[in-house]
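So the chains spell out like this:
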Amino acid sequence: MANSTATAVKVGTPGPAGRSSPEGSQVLSKKKLQDLVREIDPNEQLDEDVEEMLLQIADDFIESVVTAACQLARHRKSNTLEVKDVQLHLERQWNMWIPGYGSDEIRPFKKACTTEAHKQRMALIRKTTKK
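In what follows, the accompanying structure is described. (Residues numbered from 1 in each chain as written. Predicted model: local features only at pLDDT ≥ 70, side-chain atom pairs only at ≥ 80, totals over all residues. Heavy atoms only, no water.)

A word on helix H3 (residues 83-94)
With twelve residues, H3 extends 16 Å from end C-alpha to end C-alpha; this agrees with the ideal 16 Å at 1.5 Å per step. Looking at the buried side of H3, the elements it contacts are helix H2 (48-75) and strand E2 (80-82). The positive-phi residue at the C-terminal boundary of H3 is Asn-95, with phi of around 55°. (Helix = DSSP H or I, 4+ residues; strand = E, 2+ residues; numbered from the N terminus. Expected span 1.5 Å × (residues − 1). Contact = heavy atoms within 4.5 Å.)

Re H2
Here H2 contains 28 residues, and its C-alpha end-to-end distance of 41 Å stays within 8% of the 40 Å for a straight helix at 1.5 Å per residue. Considered for burial, the residues of H2 that qualify are Glu-51, Leu-55, Ala-58, Asp-59, Val-65, Ala-68, Ala-69, Cys-70 and Ala-73. Summarising the contacts, the buried residues of H2 are in contact with helix H1 (30-40), E2 and H3. Looking one or two residues past H2, Lys-77 carries a phi angle of roughly 65°, positive in sign. (Buried < 20%, exposed > 50% of the residue type's maximum accessible area, 1.4 Å probe, protein only.)

Comments concerning the environment of Val-27
Here Val-27 lies in the loop between strand E1 (6-10) and H1. Overall, Val-27 belongs to the exposed group, its relative accessible area being 63%. Each C-alpha atom, one on Val-27 and one on Ala-58, is 7.9 Å from the other, the two residues being 31 residues apart in sequence. Other than its neighbours up to four places away in sequence, Val-27 contacts Asp-59 and Ile-62.

Things to note about unusual backbone geometry
Notably, Lys-77 is not glycine yet its phi reads approximately 65°, a positive angle. With respect to the element layout, Lys-77 can be found in the loop between H2 and E2. Unlike most non-glycine residues, Asn-95 shows phi in positive territory, near 55°. Topologically, Asn-95 is positioned in the loop between H3 and helix H4 (116-130). Given the relative accessible area of 47%, Asn-95 is considered partly exposed.

Written out as structure tokens, the structure is:
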């Protein structure tokens, strides 16, 4: 498996309030968020409430991914969270692939093909919504 290294994260139960990290620590800071927004559109300015909401969404997403990846590691009967655990969760639940961490082991999973009848129904729906 190329580019997959085990991280030294002990798989256990989260701390108080369901969080395994201190309440004040955020993965994404306001400065980083503002830099990201400026990179997309230099003239855009986020409202304070929007910044807080985006930071909370990012923290919640990361917490949910790590929690699910830890459950996968436990399912493998491992006490170590590995890249493949995070990969598997992101690919299966979020349809996300992280560049540089590809794995042929996980790739064969594909969603069911759409049938001809489904394609016809979708075409009809698109046609009626255009009117």
